[in-house]
Amino acid sequence: MPAFLPETASPTGLNLEDTATAFAYKTTTDLQRGRLLFRSIGVPFLARLGPRMVNTAVRWGLPVRGMVRRYFFDQFCGGYTLEEALATATKLHGFGVQSTLDYAVEAQKNREGYDRCKQEVLQAIEVAQARPEVAFVAIKLTGLGNIHALTAAQRGELTTMDQAEFDAMAMRLDEICHYAATRRQPVLIDAEESWIQGMIDKLAEDMMLAYNETSPIVYTTLQMYRHDRLAYLHYLTEKFTRQNRLLGVKLVRGAYLEKENRRAQEKGYPTPMQPNKAATDAAFNAAAHHIVTHLDRIALCAGTHNEQSCLLIAGEMARMGMAPNHPHVTFSQLYGMSDHISFNLAARGYHVAKYLPYGPLEETMPYLFRRAEENTSIAGQSSRELRLIDQELKRRRKTRKP
Ligand SMILES: Cc1cc2nc3c(=O)[nH]c(=O)nc-3n(C[C@H](O)[C@H](O)[C@H](O)COP(=O)(O)OP(=O)(O)OC[C@H]3O[C@@H](n4cnc5c(N)ncnc54)[C@H](O)[C@@H]3O)c2cc1C
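Residues numbered from 1 in each chain as written. Predicted model: local features only at pLDDT ≥ 70, side-chain atom pairs only at ≥ 80, totals over all residues. Heavy atoms only, no water.

Asks: How would you sum up the packing of helix 5 (residues 82-93) against helix 6 (residues 111-128)? Please name residues and give values.
Replies: The description of two packed helices rests on the angle between their axes and on the distance between the axes. Where helix 5 contacts helix 6, the two axes come as close as 11 Å, and the packing angle between them is 40°. One way to sum up the angle between helix 5 and helix 6 is to call them oblique. Along this stretch, helix 5 crosses helix 6, giving a crossing that reads as right-handed. Across the interface between the two elements, Leu 82, Glu 83 and Leu 86 of helix 5 pack against Gln 123, Ala 124 and Val 127 of helix 6. Its residues assigned to classes, the contact of helix 5 with helix 6 shows four nonpolar, one polar and one charged. (Axes fitted to C-alpha atoms, helices over the stretch in contact; angles between N-to-C directions. Helix = DSSP H or I, 4+ residues; strand = E, 2+ residues; numbered from the N terminus. Parallel < 35°, antiparallel > 145°, perpendicular 65-115°, else oblique. Left-handed = near helix turned anticlockwise from the far one by under 90°. Contact = heavy atoms within 4.5 Å. Nonpolar A, V, L, I, M, F, W, Y, C, P; charged D, E, K, R; others polar.)

Asks: Quick rundown of the pairing of strand 7 (residues 329-334)? Include the residues and the values.
Replies: Counting buried positions over the six residues of strand 7 gives six, a clear majority of the element. On strand 7, burial covers both faces: Val 329, Phe 331 and Gln 333 on one face and Thr 330, Ser 332 and Leu 334 on the other are all buried. Both strand 6 (residues 298-303) and strand 7 contribute to a ladder of four bridges, which runs parallel. If you follow Cys 301 over to strand 7, its bridge partner there is Thr 330. The parallel pair strand 6 and strand 7 is bridged by helix 14 (residues 307-319), and the resulting crossover is right-handed. When strand 7 meets strand 8 (residues 351-358), the two strands line up parallel, connected through five bridges. Bridge pairing in strand 8 links Gln 333 to Lys 354. (Buried < 20%, exposed > 50% of the residue type's maximum accessible area, 1.4 Å probe, protein only. Pairing = 2+ DSSP bridges. Right-handed = clockwise from strand over helix to strand, strands pointing away.)

Asks: Lay out the packing of aromatic side chains with the relevant residues and their values.
Replies: Taken as a whole and assessed by the stated rule, the structure comprises ten aromatic pairs. Judged by centre distance (4.6 Å) and plane angle (15°), the ring pair of Tyr 25 and Phe 343 falls under stacked. You can see Tyr 25 sitting in the loop between helix 1 (19-22) and helix 2 (28-41) and its partner Phe 343 sitting in helix 15 (residues 339-347), a full 318 residues away along the chain. Neither Tyr 25 nor Phe 343 differs from the other in exposure class; each is buried. A centroid spacing of 6.1 Å and a plane angle of 90° characterise the contact between Phe 38 and Phe 76, whose relative ring orientation is edge-to-face. You can see Phe 38 sitting in helix 2 and its partner Phe 76 sitting in helix 4 (residues 65-76), a full 38 residues away along the chain. In this structure an aromatic cluster arises from ring pairing among Phe 38, Phe 72, Phe 76 and Phe 369. Stacked on the ring of Tyr 80, the Lys or Arg Arg 69 has its end atom at 4.2 Å from the ring centre. Arg 253 extends its terminal NZ or CZ atom over the ring of Phe 284, reaching a point 4.4 Å from the ring centre. (Phe/Tyr/Trp six-rings, centres within 6.5 Å; stacked < 30°, edge-to-face > 60°. Lys NZ or Arg CZ within 6 Å of the ring centre and 35° of its normal.)

Asks: Summarise the side chain of Gln 98; cite the residues concerned and give the values.
Replies: Relative to the assigned elements, Gln 98 resides in strand 1 (residues 98-103). Only 2.7 Å separates the side chain of Gln 98 from the backbone oxygen of Pro 132, close enough to count as a polar contact. Not counting residues within four places of it along the chain, the set of residues in contact with Gln 98 comprises His 93, Pro 132, Glu 133, Val 134, Ala 135, His 351, Val 352, Ala 353 and Lys 354. (Polar contact = N/O pair within 3.5 Å; in protein donor to acceptor, adjacent residues only side chain to side chain.)

Right under this line is the structure:
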């Protein structure tokens, strides 16, 4: 496989360090709040204890909701409701960035919860299709059905009851994807842990084969921290080409590294993870290269905060003579993170969609804690956010008229 050219050879002229563009949608107060947050979660002690204290205070009904909302929730979430999320999406769109609506409640536990989640996603599709500010609607399988049924299905150990649960989940997913296809609204199926991902892959493939006939409506997600994913991408390319269907791929590195390695060790099976970060990076970039060179058959949503990977994809598109706004390429970052990538790419004409989670405060807590954890554990993540915010605050101080 030919390697990407080095970044220095990139003909795009992209400058991801332009903080005026990156933070144009934020007020100085927003930036100061962001700075406080990233400072706090950059301190391991606060990052460990803070979320637990916030969780307890919210659950005990202590009068902290307003503060939690302003300093934590609003940094990473679009709102408590779909309407609030749409208002945030409209604001981002004013600066050229679209959104992915993500009803961010965690794994549901009963039929009522699964049906409620399905209804939320259907409603998001209904409003999204009429709005240019929304690029995608996200779907998480564990919100739509019983996680134990998924695990049992993957092991090939389904009881009659598990089978009924699994079928109900598959039907909810099909209802959503069918509705998305009738509304021509693309949807992204999130990837989860490897012990259920086999079944998610299978369901996602079925949905893509059913609904991606003329345009990419359904996207599966490939986590490149898994050492088997590049081969899977090649398998999918061949299969979808043969069946004359478009393949939609959200490409990510993967969010469950420690959990995956821990479980593999505890249960005594070889880890499905790459041996190190460099191997994950190489696999991500190789997969991106493969997709960019097959854009007639594959649509890409590059879900990453990695600057190098974004520059490599943009550079490869330019070298192949593709316009930045190629309909089959979207860059995607999480709301509240890596605005320097999102807004600078958008300013140059690339499609960018922020993952915009929304939902009630109590229910989005696990999502928020993962963001806090991620900003502590990923080397340099919170310090990079802080450096850019500081740079922008300094720039605004200098350019402020007396
Ligand atoms: C829009 C969007 C959607 C997403 N959707 C999903 C999803 O559906 N499912 C999901 O699992 N994740 C998802 N993620 C999270 C994603 O998988 C990453 O965890 C996160 O984005 C960090 O990776 P990066 O490419 O942004 O940056 P980087 O900081 O360059 O990479 C960090 C990542 O590298 C990998 N890594 C780190 N250390 C090692 C190591 N020692 N060995 C091997 N690999 C290592 C891990 O995957 C880690 O998360 C999404 C992210 C975004 C931005």
